[in-house]
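Structural description and commentary
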Amino acid sequence: MEIVIIGAGVIGLATAWRAAAGGAAVTLVDPAPMSGASSVAAGMLTPVSELTYGEEPLLRLGLASRDRYPAFVAELEERTGLDVAHRTDGILEVAFDSGDLNYLDDLRRFQESLGIPTEALTGRECRRHEPMLAPGVRGGLLAPEDGSVDPRRLTPALLAAAEALGARLVRRRAAGVLVERDRATGVRLDDGTELRADRVLIAAGPWSGDLEGVPAGVVPPVRPVKGQVIRLRTAVPFLRRCTRALVRGSSVYLVPRADGEIVVGATQEELGFDTRVTAGGLWELLRDAHELLPGITELEFAEVSAGLRPGSPDNAPVMGASALPGLYLGTGHFRNGVLLAPVSADILAATLLDEPVPAEAAPFTPDRFSPEVH
């Protein structure tokens, strides 16, 4: 089985590793691998904290992926010798004022109705977990089974693991999909080179719909959703674990690394393919982070960046065979690409290799956007 994967972000790379492990000859096509949303993402593994009403299937997918992470990371680190900074010490979610606390109380009751363990905390208990929190913090929740990973370490490890199994990386842009007799048969690169394949997987994030040769309607609309992120650095302990907060209704998160980096994010902006870092976006993040952790302004400024998340029409992943034989989709992961990498790789590799597909995949197939389904 020869497979070409368009896109070497976290989903494309993880799928390449699993497909190569299954015996496929895999070629990854990306002019700038590991440089998209995966390089900007903070890497929180938070299916509980990211929970939204009405998204129970996505929650189950996220829980399944989070629970795969320990074995996924252990195998990856053993095969490559690379540390991906996986942490499993929980996520603290805090409320700045009474309105924020009411929202968290509603969220906790919803989580409990689904059997998801969370611990309600008073403001004092929150500060016991994180002493740098502002005195006015009203309360919070602890999701003890959530955690984080460093995407900037994860993606190189995935590439190394895939290449060790024979996968090949072509640093060119995919210009189009080759279609013969109503079937995808490969990929045409921007220099005119043709790569023939038995199957083609599009995992190109918000650019997944930009390929020539694909019939209209085969790829559901995938839009770019901009996120701006700040990276700070500290030489002394400042934050013990990942912390999300509602600050007067506005969301902010902070993800500490063992090397002293703290990632602060992230804005959510529907501005097309705009990756400019703006003063307003950074001000919002620093304003809310400072309200939450007043001492944060003493930390060293290290970096700002902006990335484009791929959002599908229902903000859930699109994974599986498309309406065009030979063409498969692995896109639309929105805010959850890093979290969903292990389960998505299992789903997509199994689909590509005609193996049994995990049950969690059923709600996320591309045909849910077809008119006949509704």
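Residues numbered from 1 in each chain as written. Predicted model: local features only at pLDDT ≥ 70, side-chain atom pairs only at ≥ 80, totals over all residues. Heavy atoms only, no water.

Secondary structure summary: the chain contains eight helices and 19 strands in total. Relative to the globule expectation of 21 Å for 374 residues, the C-alpha radius of gyration of the chain, 21 Å, shows essentially globular dimensions. When its C-alpha atoms are laid out on the principal axes, the chain stretches across 65 × 45 × 40 Å. When burial is assessed residue by residue, the chain has 56% of its 374 residues classed as buried. Taking all contacts inside the chain whose residues are at least 6 apart in sequence as the whole, residues at least 24 apart take part in 74%. Total accessible area on the chain is roughly 15300 Å²; 51% of this is exposed by carbon and sulfur atoms. Here the chain holds 37 positive side-chain charges and 50 negative ones, and the gap between their average locations is 2 Å. (Helix = DSSP H or I, 4+ residues; strand = E, 2+ residues; numbered from the N terminus. Rg over C-alpha atoms; globule rule 2.2 N^0.38 Å. Buried < 20%, exposed > 50% of the residue type's maximum accessible area, 1.4 Å probe, protein only. Contact = heavy atoms within 4.5 Å. Areas by Shrake-Rupley, 256 points an atom, 1.4 Å probe, with all protein chains shown as cover. Lys, Arg positive; Asp, Glu negative; His and termini not counted. Charge placed at Lys NZ, Arg CZ, Asp CG, Glu CD.)

The subject of this paragraph is the sheet that holds strand β18 (residues 318–321). A sheet is described by the order of its strands in space; here six strands give the open sequence β8-β2-β1-β12-β19-β18, paired in mixed fashion. In the strand order of this sheet, the two ends are held by β8 (168–170) and β18, each with one partner. Strand-to-strand, the axes of this sheet are offset by a mean angle of 20°, without reference to chain direction. Looking at chain direction, strand β1 (residues 2–6) and strand β12 (residues 199–202) are connected through four bridges and run parallel. From the neighbouring strand, Ile6 faces β12, where its bridge partner is Ile202. (Pairing = 2+ DSSP bridges. Axes fitted to C-alpha atoms, helices over the stretch in contact; angles between N-to-C directions.)

Residues in a regular strand project their side chains so that they alternate between the two faces of the sheet. Note: β18 against strand β19 (residues 327–331), four bridges, orientation antiparallel. When the bridges of β19 are listed, Val318 appears paired with Thr331.

Taken as a whole and assessed by the stated rule, the structure comprises 29 salt bridges. Measuring nitrogen to oxygen at the nearest pair gives 3.0 Å for the salt bridge that ties Arg199 to Asp354. Of this pair, Arg199 sits in strand β12 while Asp354 sits in the segment after α8 (341–352), and the two are 155 residues apart along the sequence. For Arg199, a relative accessible area of 12% translates into the label buried. Residue class for Asp354 comes out exposed when judged on its relative accessible area of 56%. A salt bridge links Arg223 to Glu270; the nearest nitrogen and oxygen atoms lie 3.0 Å apart. Within this pair, whereas Arg223 is found in strand β13 (residues 223–233), its partner Glu270 is found in the loop between β16 (261–265) and α7 (279–292), the two being separated by 47 residues in sequence. (Salt bridge = Lys/Arg side-chain N within 4 Å of Asp/Glu carboxyl O.)

Moving on, we get to the sheet that holds strand β11 (residues 194–196). Hydrogen bonds along the backbone pair up the strands of a sheet, which may run parallel or antiparallel. With antiparallel pairing, three strands are arranged side by side in an open sheet as β9-β10-β11. Two strands lie at the open edges of the sheet, namely β9 (174–179) and β11, each paired on one side alone. Across the sheet, the mean angle separating the axes of adjacent strands is 25° when strand polarity is ignored.

Here the focus is the nonpolar core. In summary, soluble globular proteins display a tendency toward joint burial of nonpolar side chains. Counting residues in hydrophobic clusters, the biggest one holds 50 residues, and the most contacted among them are Tyr69, Leu154 and Leu158. The set of elements that each furnish at least two residues to this core consists of β1, α1 (10–21), β2 (25–29), α3 (56–80), α6 (151–164) and α8. Considering every element that reaches this core, the biggest residue donor is α1, with eight residues. Ignoring any residue separated from it by four or fewer positions in sequence, one finds Leu158 in contact with Val10, Leu13, Ala14, Trp17, Phe72 and Leu76. In terms of nonpolar packing, the next biggest core, distinct from the first, is built from 26 residues, Leu133, Leu239, Ala245 and Val252 among them. (Core = buried A, V, L, I, M, F, W, Y, C linked by side-chain atoms within 4.5 Å.)

On to α6. With 14 residues, α6 extends 20 Å from end C-alpha to end C-alpha; this agrees with the ideal 20 Å at 1.5 Å per step. Turning to α6, its buried residues number three or more, namely Pro151, Leu154, Thr155, Ala157, Leu158, Leu159, Ala161 and Ala162. The opening residue of α6 is Asp150, an N-cap whose side-chain oxygen sits 3.0 Å from the backbone nitrogen of Arg152. Among the residues trailing α6, Gly166 stands out with phi positive, at a value near 100°. (Expected span 1.5 Å × (residues − 1). Polar contact = N/O pair within 3.5 Å; in protein donor to acceptor, adjacent residues only side chain to side chain.)

The next point concerns the state of the cysteines. For the structure shown, the criterion picks out zero disulfides. Left without a disulfide partner, Cys126 is nearest to the cysteine sulfur of Cys242, which lies 15 Å away. (Disulfide = S-S within 2.5 Å.)

Right, let's get into the packing of α1 against α3. Their axes nearest at 13 Å, the elements α1 and α3 cross at an angle of 75°. Compared by their axis directions, α1 and α3 come out roughly perpendicular. When α1 is examined against α3, the residues Ala14, Trp17 and Arg18 are found in contact with a partner set consisting of Phe72, Glu75, Leu76 and Arg79. Residues belonging to the contact of α1 with α3 are distributed by class as follows: four nonpolar, no polar and three charged. (Parallel < 35°, antiparallel > 145°, perpendicular 65-115°, else oblique. Nonpolar A, V, L, I, M, F, W, Y, C, P; charged D, E, K, R; others polar.)

For the structure shown, the criterion picks out one cavity of 30 Å³ or more. Taken as a whole, the largest cavity encloses approximately 40 Å³ of empty space. Lining the largest cavity are Val48, Ser49, Ile91, Leu92, Glu93, Gln111, Thr118, Leu141 and Ala143. Secondary structure elements with two or more residues in the lining of the largest cavity: β4 (91–95) and β6 (139–143). Ranked by the residues each element gives to the lining of the largest cavity, the list is headed by β4, at three residues. Of the residues assigned to the lining of the largest cavity, the class counts are five nonpolar, three polar and one charged. (1 Å grid on protein atoms, 1.4 Å probe; cavity = no way out; pocket = protein on both sides within 12 Å on 5 of 7 lines; lining within 4 Å. Points joined across faces, edges and corners; volume = space filled by probe spheres on them.)

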